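In case you want the letters, here they are:
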Amino acid sequence: MGNKFICMTKKDGRENGSKSKRVGRSQRKMLDEEEFLHRQALSMAIQQHQLSQRFDGSMSRRIGSTSSRRHTLSDPFSNGKQGPDILENVKTKKFVLVHGEGFGAWSWYKTIALLEEVGLAPTALDLRGSGIDRTDTNSVTTLADYSKPLTDYLENLPEDEKVILVGHSSGGASVSYALEHFSQKISKAVFLCATMVSDGQRPFDVFAEELGSSELFLKESEFLIYGNGKDEPPTAFMFGNLQLKGLYFNQTPTKDVALATVSMRPIPLGPIMEKLSLSPENYGKGRRFFIQTLDDRALSPDVQEKLVRENPPEGVFKIKGSDHCPFFSKPQSLHKILLEIAQIP
């Protein structure tokens with residue numbers, strides 16, 4: 001007992017120093033790879049942003065390959081690689097990643113890379129009027145229309161195939177909609193700090209703590225867009241960069257904030273103001289999991305806890321130190337949780 005002193009021989013010191021150098025080289029290599037990946041993503045996002053200025057036609061881009069458990073993770077530095085036997089316990093290898101309001105498939109670039117590294121098959125979709133889908137955001141008025149790229153994807157899946165759906169933020173409404181209409185195609189549904197609403201609720205109501213009531217927001221918000229003219233009801237909204245940084249990116253690296261500010265698009269109002277119709281026989285039978293983000297200013301931990309309490313999922317996971325965008329701020333922790341969910345029998 002008491003203090004312990006360890007003596008090192010010169011050989012031990014040399015071996016330890018050599019090991020330290022190897023670790024240093026390894027970390028530098030990983031940082032260089034991450035920097036290269038980010039430059040590629042930023043370049044692609046700028047090109048997508050330029051393309052998205054032309055709203056003629058409709059195109060959806062897929063990026064990537066064609067009870068309650070509670071866990072809390074921080075984001076220790078690691079290379080994200082798992083053991084070679086990871087896939088032995090994974091029955092469903094296809095992930096479909098659904099972005100949140102204003103985002104696009106581009107936002108999942110880190111998650112896609114990490115999932116592909118372990119042999120899984122992620123696909124990220126642009127919902128209607130998002131990312132580089134050329135639909136005019138102001139013309140997207142229903143959740144069904146907004147979610148059509150997702151429902152088309154599920155409809156075209158072979159009968160014997162299922163996917164793990166992951167929905168971020170208001171993308172949770174599209175995941176819920178898919179569970180209601182294509183439950184047989186969905187192995188598990190993961191709500192990432194998302195609008196996991198109950199039957200009869202609107203996605204917007206989840207954000208009332210930050211944005212106020214829908215009635216007040218529609219009357220007074222400075223972020224509203226009137227696509228059909230000032231005399232008609234608003235059709236979309238978009239936060240300014242200052243609001244985005246405060247609400248969404250309080251823990252996100254500066255480079256990813258830059259990526260987002262050149263890539264985000266207006267958010268159609270119709271889909272998030274629509275009440276969802278969810279039935280016990282379809283939505284109710286789905287296997288749902290919720291990932292809470294504990295430094296979230298857009299959807300506070302208290303609000304996320306309320307969602308879980310009122311509409312209990314099969315499993316709950318928590319990420320320490322994550323803002324509203326863990327795919328940027330805590331990608332390793334998010335990756336580990338997704339792998340854990342995929343391995344649940």
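This section reports on the structure supplied with the text. (Residues numbered from 1 in each chain as written. Predicted model: local features only at pLDDT ≥ 70, side-chain atom pairs only at ≥ 80, totals over all residues. Heavy atoms only, no water.)

1. Some thoughts on unusual backbone geometry
Alright, step 1. Of note in this structure, S169 is not a glycine but carries a positive phi near 55°.
Alright, step 2. Here C193, not a glycine, exhibits a phi torsion of approximately 35°, which is positive.
Alright, step 3. Its place among the elements puts C193 in the loop between β6 (186–192) and α6 (208–211).
Alright, step 4. Look at C193 and you get buried, because its relative accessible area is 0%. (Helix = DSSP H or I, 4+ residues; strand = E, 2+ residues; numbered from the N terminus. Buried < 20%, exposed > 50% of the residue type's maximum accessible area, 1.4 Å probe, protein only.)

2. Here we look at the pattern of salt bridges
Working definition: two side chains of opposite charge can pair if their charged atoms are close together.
Alright, step 1. Using the criterion set out here, one finds seven salt bridges in the structure.
Alright, step 2. Note that E161 and K94 form a salt bridge whose closest N and O atoms lie 2.6 Å from each other. On the criterion of sequence distance, the pair formed by E161 in the loop between α4 (148–155) and β5 (163–168) and K94 in strand β3 (residues 94–98) is long-range, its members being 67 residues apart.
Alright, step 3. Residue K148 is joined to D152 by a salt bridge in which the shortest nitrogen-to-oxygen separation is 3.0 Å. Taken together, the residues span about one helical turn, with K148 and D152 both in helix α4 at a distance of four residues.
Alright, step 4. Look at K148 and you get partly exposed, because its relative accessible area is 34%. (Salt bridge = Lys/Arg side-chain N within 4 Å of Asp/Glu carboxyl O.)

3. With respect to the pairing of strand β10 (residues 288–293)
Alright, step 1. Of all six residues that make up β10, six are buried, and the element is covered over most of its length.
Alright, step 2. The side-chain alternation of β10 yields two buried faces, one formed by R288, F290 and Q292 and the other by F289, I291 and T293.
Alright, step 3. Strand direction decides the pairing type here: β6 and β10, joined by four bridges, are parallel. Its bridge partner being in β10, V190 is matched across the sheet by F289.
Alright, step 4. Strand direction decides the pairing type here: β10 and strand β11 (residues 315–319), joined by five bridges, are parallel. Across the sheet, residue F289 finds its bridge partner in β11, namely G315. (Pairing = 2+ DSSP bridges.)

4. Some points on empty space enclosed by the protein
Alright, step 1. Quantified by volume, the largest cavity comes out at close to 110 Å³.
Alright, step 2. Grouping the constituent residues of the lining of the largest cavity by class yields 10 nonpolar, one polar and two charged.
Alright, step 3. In this structure, the second largest cavity encloses a volume near 40 Å³.
Alright, step 4. For the lining of the second largest cavity, the class distribution of residues is five nonpolar, one polar and one charged. (1 Å grid on protein atoms, 1.4 Å probe; cavity = no way out; pocket = protein on both sides within 12 Å on 5 of 7 lines; lining within 4 Å. Points joined across faces, edges and corners; volume = space filled by probe spheres on them. Nonpolar A, V, L, I, M, F, W, Y, C, P; charged D, E, K, R; others polar.)

5. Here we look at the pairing of β5
Alright, step 1. Extensive coverage of β5 is indicated by the burial of six of its six residues.
Alright, step 2. Alternating positions in β5 separate into two faces, V163, L165 and G167 on one and I164, V166 and H168 on the other, with burial throughout.
Alright, step 3. In the sheet, β3 pairs with β5 via four bridges, with the strands oriented parallel. Across the sheet, the residue bridging to F95 is I164, located in β5.
Alright, step 4. In the sheet, β5 pairs with β6 via six bridges, with the strands oriented parallel. Counterpart to G167 in the pairing with β6 is F191.
Alright, step 5. For the crossover that starts at β5, traverses helix α5 (residues 171–181) and ends in the parallel β6, the hand is right-handed. (Right-handed = clockwise from strand over helix to strand, strands pointing away.)

6. A short note on the state of the cysteines
Alright, step 1. Applying the stated rule across the entire model yields zero disulfides.
Alright, step 2. The thiol sulfur of C193 is not disulfide-bonded, and the nearest other cysteine sulfur, from C325, lies at 7.1 Å.
Alright, step 3. For C325, a relative accessible area of 0% translates into the label buried. (Disulfide = S-S within 2.5 Å.)

7. Structural notes on the packing of aromatic side chains
Alright, step 1. All chains considered together, the criterion is met by 15 aromatic pairs.
Alright, step 2. Between the aromatic rings of F103 and F249, the centroid separation amounts to 6.2 Å while the plane-to-plane angle is 85°, which identifies the pairing as edge-to-face. In this pair, F103 is assigned in the loop between β3 and α2 (109–117) and F249 in the loop between α8 (241–247) and α9 (254–261), connecting sequence segments 146 residues apart. A single burial state applies to F103 and to F249, both of which are buried. (Phe/Tyr/Trp six-rings, centres within 6.5 Å; stacked < 30°, edge-to-face > 60°.)

No statement about biological role is implied by the geometric values presented.
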